[in-house]
Amino acid sequence: MPVPALPKPVQQLVEAFARLPGIGPKSASRLTYYLLRSPDEEALALADALRDLKAKTRFCQVCFNITEESPCPICASAERERAVICVVEEPLDVIAIERTREYTGLYHVLHGAISPMDGIGPEDLKIRELLARAELGVREVILATNPSLEGENTAMYLHKKLAALGVIVTRLARGLPMGGDVEYADEITLARALEGRQTMETRR
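A brief report on the enclosed structure follows. (Residues numbered from 1 in each chain as written. Predicted model: local features only at pLDDT ≥ 70, side-chain atom pairs only at ≥ 80, totals over all residues. Heavy atoms only, no water.)

A few words now on the side chain of Ser38. Relative to the helices and strands, Ser38 is located in the loop between α2 (25-37) and α3 (40-56). Polar contacts involving the side chain of Ser38 include one to the main-chain carbonyl oxygen of Leu35, which spans 2.8 Å. (Helix = DSSP H or I, 4+ residues; strand = E, 2+ residues; numbered from the N terminus. Polar contact = N/O pair within 3.5 Å; in protein donor to acceptor, adjacent residues only side chain to side chain.)

A word on the packing of aromatic side chains. Under the counting rule described, the total for this entry stands at one aromatic pair. Ring geometry for Tyr103 against Tyr107: centres 5.1 Å apart, planes inclined by 65 degrees, an arrangement best described as edge-to-face. (Phe/Tyr/Trp six-rings, centres within 6.5 Å; stacked < 30°, edge-to-face > 60°.)

One pass over the full model with this rule turns up five salt bridges. Between Glu81 and Arg139 there is a salt bridge, with the nearest N and O atoms lying 2.8 Å from each other. Remark: Arg139 occurs in the loop between α6 (127-134) and β5 (140-143) and Glu81 occurs in strand β3 (residues 81-88); sequence separation between them is 58 residues. We classify Glu81 as partly exposed; its relative accessible area is 32%. The salt bridge involving Arg171 is made with Glu152; its shortest N-O contact spans 2.9 Å. Here Arg171 is found in strand β6 (residues 168-171), whereas its partner Glu152 is found in helix α7 (residues 149-163), with 19 residues between them in sequence. Assessed through its relative accessible area of 9%, Arg171 is described here as buried. (Salt bridge = Lys/Arg side-chain N within 4 Å of Asp/Glu carboxyl O. Buried < 20%, exposed > 50% of the residue type's maximum accessible area, 1.4 Å probe, protein only.)

The next subject is the environment of Glu41. Locating Glu41 in the fold gives a position in helix α3. Taking the C-alpha atoms as reference points, Glu41 and Arg58, 17 residues apart in sequence, are found 27 Å from one another.

It is worth spelling out unusual backbone geometry at this point. Excluding glycine, residues mostly carry a negative phi; peptide bonds, for their part, are mostly trans. The peptide bond linking Ser70 to Pro71 adopts the cis configuration, its omega dihedral lying at 5 degrees. The phi dihedral of Arg101 is positive, around 60 degrees, even though this residue is not glycine. Relative to the helices and strands, Arg101 resides in the loop between α5 (91-98) and β4 (105-109). Positive phi is not limited to glycine here, since His111 has a value of about 65 degrees. Residue His111 is classed as partly exposed on the basis of its relative accessible area, which comes to 23%.

Structure follows, in structure tokens:
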């Protein structure tokens, strides 16, 4: 007896969930069947949230963080130290650092890290925009890329480019474990890493 095919809407949703990072076919199926069994208002609320996500959010034209209006509240704030920029890989890293309440400067979100294995080069990130900002009276750039191979390679690339502009370049101290993500670090670890940041030395 042939196995009955899934209804097309069900199959489409399973495939859509499976395309999300960290979600495999089994998890995608569980999420889909959960929504099938849930009340209509719960499933429709999810649909509305997804629609609003695309319709009402954008990238800040200055720092490229996610925002509802551009420039974002951090870039627009008169209370932030404008001569210091903290460079992170993803928008969630901004939230993690803000939770420490130790940092009062601005941010720049790269939206990834240099990874030749994945076909991601400097031109695929918001590096050109960072260098343009660095030329406008920036005193210090803090490199808060993840302590992974890709994050370290990105930091070294940025250090070379920024140092050529005469900008002080610092790196988060080793309070962050190698292979870890800024997004998942606790407030104390991030606070100590910010306090213990060090000036990067040029390699010869």
